[in-house]
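A closer look at the structure
Given next are the chains, with one letter for each unit.
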Amino acid sequence: MRQRAVRALRRGVAAVVVAALVLAPWTVDDYTVALLARTLALGLVAVSVALLTGVAGLPTLGQTAPYAAGAYASAVVGSHLSDVGLVHLGVAAAAGAALAAVTVPLVVSARGVVLLMITLAVGELAVAVVGRWRSVTGGTDGLAGVAAARPLWGLPVLATDRARYLYTLVVVAALVGVVLLVLRTRVGLLLRAGRDDEARLRASGHRVPVHVAGVHVAAGAVAGAAGSLLVVAQRYVSPADFGFDTSALLLLGVVIGGTASVGGALVGAVLVVAARDWLFGVLPGQAPLVLGLAFVAAVYLLPDGGRRPPVRGRLLPAVPARRPAPDRPTPTGVRA
Amino acid sequence: MTGVVAGLRLDPYVVPALDGVAYGLLVFVAAAGLVLCFGVAGILNLAHGTLYAIGGYTAAALLDGGWPSLALALAVGVVAATASGALIAGLLTRVAARSHLTQALLTFGVALAGGSLLVGAFGPDDPPVRVPAALDGSVAVAGHRYAAYRLVFIVVAALLAGLLHLVVRRTRAGMLVRAAVDDAEMVAVLGVSPARIRVGVLAAAGALAGAAGVLGAPIIGPGPDTADAVLLLSLVVVVLSGLGSMTGTLLAALVVGQIQTLGVALAPSAAPFLLFAAMAAVLAVRARGLATARRAT
């Protein structure tokens, strides 16, 4: 009974959100529409975070790295090669996936806090590289004046904020739909199984590292596509878009939205980012303080989410064929 | 002959190399606290850079060129950072049973709020830091002028590193900490509360970060970006070091210091990628060992 009520509530929230998103450009001013388009792009990154963190149980703070790769790839392609949005999307998704694939060896065997740490370092280093690689990224000044894109060959250029917003909305809806559909297949089942009991999945003959690598690359592609949307929406890109606070905000949004829910992550991230933008307008200078306190409050107020942490908790013993376990305990922490 | 040629070739790199040692030791003292938190409590403390910034701002506000001010700044900075570390530990205790995500969110919230308070109190600019007048000059090192403060800093930081080694290795507190890393439940059975160890370790990490912030203020100065920069450098060091070993942390910190100074001098065009490349290389080689180095709980 209660489950049914929750499900109905969820459907209701989803319907209201979708209706509000579709009607938004006709009810608010242009500036807000532009902000909303940017927020939607961030929401798509949050979907990729939820895919890794919630569905696959691989917590991440580094999805800004493929997001940035996609954004810059899209900006460079947009200024030099093509103004077709679909091409931008493809190139950006490929760039994000490529960056994620490069980092796969680093993340494939890490879990838990170690993974958080490694992904955070990867994300921060990627932003540092973006800030210093002046010849391609324009350094900390960023790339301004990216040409307006057209969605498909033969269609008019996205000249207004409203058109850009609607383009963003359509792409986000399509990609989230694809992610949701894929998660309903066996792939989603395997990812969730790996989250809940990795040892058992491995024992039954599944190749977990392949799943982990696959979901990383897929999440990278989604984040890269979001980067392309960001460039289309604001026609400008700079390292400030990919800072450490962005990844933390995304994580907060994903946690608020219910880690394992892709749609919830989108809604949560949109809410958090909108609250941040609103706070920056209302309380100039004090926004980080309020936001920080909100983080702390959220941690205390959020429900516990059951007994099992939504993270791949245990590390597996080494593959038995390799070598026997050492008889002294593995060095786990501080030793001089 | 070859010695002369080698000397000529090496000569311009003496100063960056020394700088690298100073930088590396500073990063070590800062990162050691993060290693302690991570090793004992399994906490990724994202507010660690903010603790360093507290020390840095204290130094900028109190140093006036004399020795007493340095002692005062060191005392105030260490106490303030220690208290902040203990505060974070207190906040974390109530959610200790939850996942790493909640810990990350909580510590990031503290970092965000703390950074905002620091900027509100000390202004949005990078404040200048005055070192004691006696160390303000430069001394000759192998025919080069080199800042006296940095030389002294190298000695002091090396002493700190040695002291830390002794404390972790030889004292009862250090043994308890190491025991808690290996088997927290067994330590609890022995009658020592793991919660107390956790608070103590986070406070000690705060003290280390605060000391690094005060002493290192002339090298990595306080400012709105300091917390993030120090956190990133510490993270890279911790990841490079194989997550946990103090000796490894020291080596990794020295390597990072050299990359940031000597590497930039040797290969300016590749400088942005050097840190990334070093991390990728080390991780790729020992990714497997790294993952098994810690059983995440």
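Chains are numbered independently. Their residues run from 1 in the order of the written sequence. Following the order in which they are written, the chains are lettered starting with A and the ligands numbered starting with 1. A pLDDT threshold of at least 70 governs which residues receive local features in this predicted model, and a stricter bar of 80 or more applies before side-chain atom pairs are shown or counted, although totals over entire chains, interfaces and linings include all residues.

Right, let's get into the overall build of chain A. Helix numbers and strand numbers start at the N terminus; a helix is a DSSP run of H or I with at least 4 residues, a strand a run of E with at least 2. What chain A contains, in helices and strands, is 13 helices and two strands. Burial in this document is a count-based property: other C-beta atoms within 10 Å of a residue's C-beta are tallied, and the residue is buried at 20 or more, exposed at 12 or fewer, or partly exposed in between, with C-beta positions derived from the backbone. By residue count, 48% of the 336 residues in chain A fall in the buried class. Here, residues touch in the contact sense if the C-beta positions derived from the backbone fall within 7 Å of one another. Considering only residue pairs separated by 6 or more positions, chain A has 77% of its internal contacts joining residues 24 or more positions apart.

Glancing now at the overall build of chain B. Secondary structure summary: chain B contains 12 helices and two strands in total. Its helices and strands in sequence order give chain B the pattern α-α-α-α-α-β-β-α-α-α-α-α-α-α, from N to C terminus. Residue burial in chain B is summarised as follows: out of 297 residues, 52% are buried. A separation threshold of at least 6 residues defines the contact pool for chain B, and within that pool the share at least 24 residues apart is 76%.

Before going further, it helps to examine unusual backbone geometry. Note: most peptide bonds trans; most residues except glycine with negative phi. Phi is positive for R235 of chain A, which is not a glycine, with a value near 50°. With respect to the helices and strands, the residue R235 of chain A is situated in the loop between α10 (208–234) and β2 (236–237).

What follows is about the pairing of strand β2 (residues 144–147) of chain B. Residues and elements named next belong to chain B. In terms of strand pairing, strand β1 (residues 138–141) meets β2 through four bridges, oriented antiparallel. Across the sheet, the residue bridging to A140 is R145, located in β2. Pairs of strands are assigned from DSSP output, requiring at least two bridges between the strands. Where β1 folds back on β2, the antiparallel hairpin that results is connected by two residues, among which A142 adopts a positive phi of roughly 50°.

This next bit is on the confidence of the model for chain A. Residue and element names in this part refer to chain A. What pLDDT reports is the predictor's confidence in each residue, on a scale of 0 through 100. When pLDDT is averaged along chain A, the result is 80, and 90% of the positions lie at 70 or above. When pLDDT is averaged over each element of chain A, α10 comes out on top at 91 and helix α6 (residues 134–137) at the bottom at 77. Predicted confidence is poor over residues 305–311, with pLDDT under 50, and the contacts of this stretch with residues over four places away or in other chains come to 14 contacts.

This paragraph deals with the packing of helix α2 (residues 30–55) of chain A against helix α7 (residues 161–184) of chain A. Residue and element names in this part refer to chain A. Fitted lines through C-alpha atoms serve as axes, helices being fitted only where they are in contact, and the angles separating the N-to-C directions of these axes extend from 0 to 180 degrees. Relative to each other, α2 and α7 sit at 15°, their axes nearing to 8 Å. Classified by the angle between their axes, α2 and α7 sit roughly parallel to one another. Considering the relative orientation of α2 and α7, their crossing is left-handed. Taking contact as the criterion, the partners of D30, V33, A34, L36, A37, L40, A41, G43, L44, V47, L51 and V55 in α2 are, on α7, D161, R162, R164, Y165, T168, L169, V172, L175, V176, V179 and L183. Residues are grouped as follows: nonpolar covers Ala, Val, Leu, Ile, Met, Phe, Trp, Tyr, Cys and Pro; charged covers Asp, Glu, Lys and Arg; every other residue, Gly included, is treated as polar. Looking at the contact of α2 with α7 residue by residue, the class counts come to 17 nonpolar, two polar and four charged. For classification purposes, an angle smaller than 35 degrees is called roughly parallel, one larger than 145 roughly antiparallel, one from 65 to 115 roughly perpendicular, and anything else oblique. Should the near helix be turned anticlockwise from the far one by less than a right angle, the crossing is left-handed, and should it be turned clockwise, the crossing is right-handed.

Attention now goes to the packing of helix α12 (residues 262–282) of chain A against helix α13 (residues 287–301) of chain A. Relative orientation and spacing of two packed helices are given, respectively, by the angle between their axes and the distance between those axes. Residue and element names in this part refer to chain A. Between α12 and α13, whose axes approach to 9 Å, the crossing angle comes to 145°. Where α12 crosses over α13, the handedness of that crossing is right-handed. In this structure, α12 contributes R276, L279 and F280 to the contact, and α13 contributes A287, V290 and L291. A per-class count over the contact of α12 with α13 returns five nonpolar, no polar and one charged.

Right, let's get into the environment of A68 of chain A. Residues and elements named next belong to chain A. Within the secondary structure layout, A68 lies in helix α3 (residues 64–80). Through-space distance from the C-alpha of A68 to that of D141 is 15 Å; in sequence the pair is 73 residues apart. Once residues lying within four places of it in the same chain are set aside, the contact partners of A68 are A126, V127, V130, G227 and F242.

Residues and elements named next belong to chain B. Tracing the backbone through its elements, the reader meets P194 in helix α9 (residues 194–216). In this structure P194 comes out as partly exposed when scored by C-beta crowding, with 16 C-beta atoms within 10 Å. P194 sits 154 residues away from V40 along the chain, and the two C-alpha atoms are 9.3 Å apart.

Let's shift gears to the environment of P239 of chain A. With respect to the helices and strands, P239 of chain A occurs in the loop between β2 and α11 (244–256). On a C-alpha basis, the gap between P239 of chain A and G138 of chain A in space is 9.5 Å, while along the polypeptide they are 101 residues apart.

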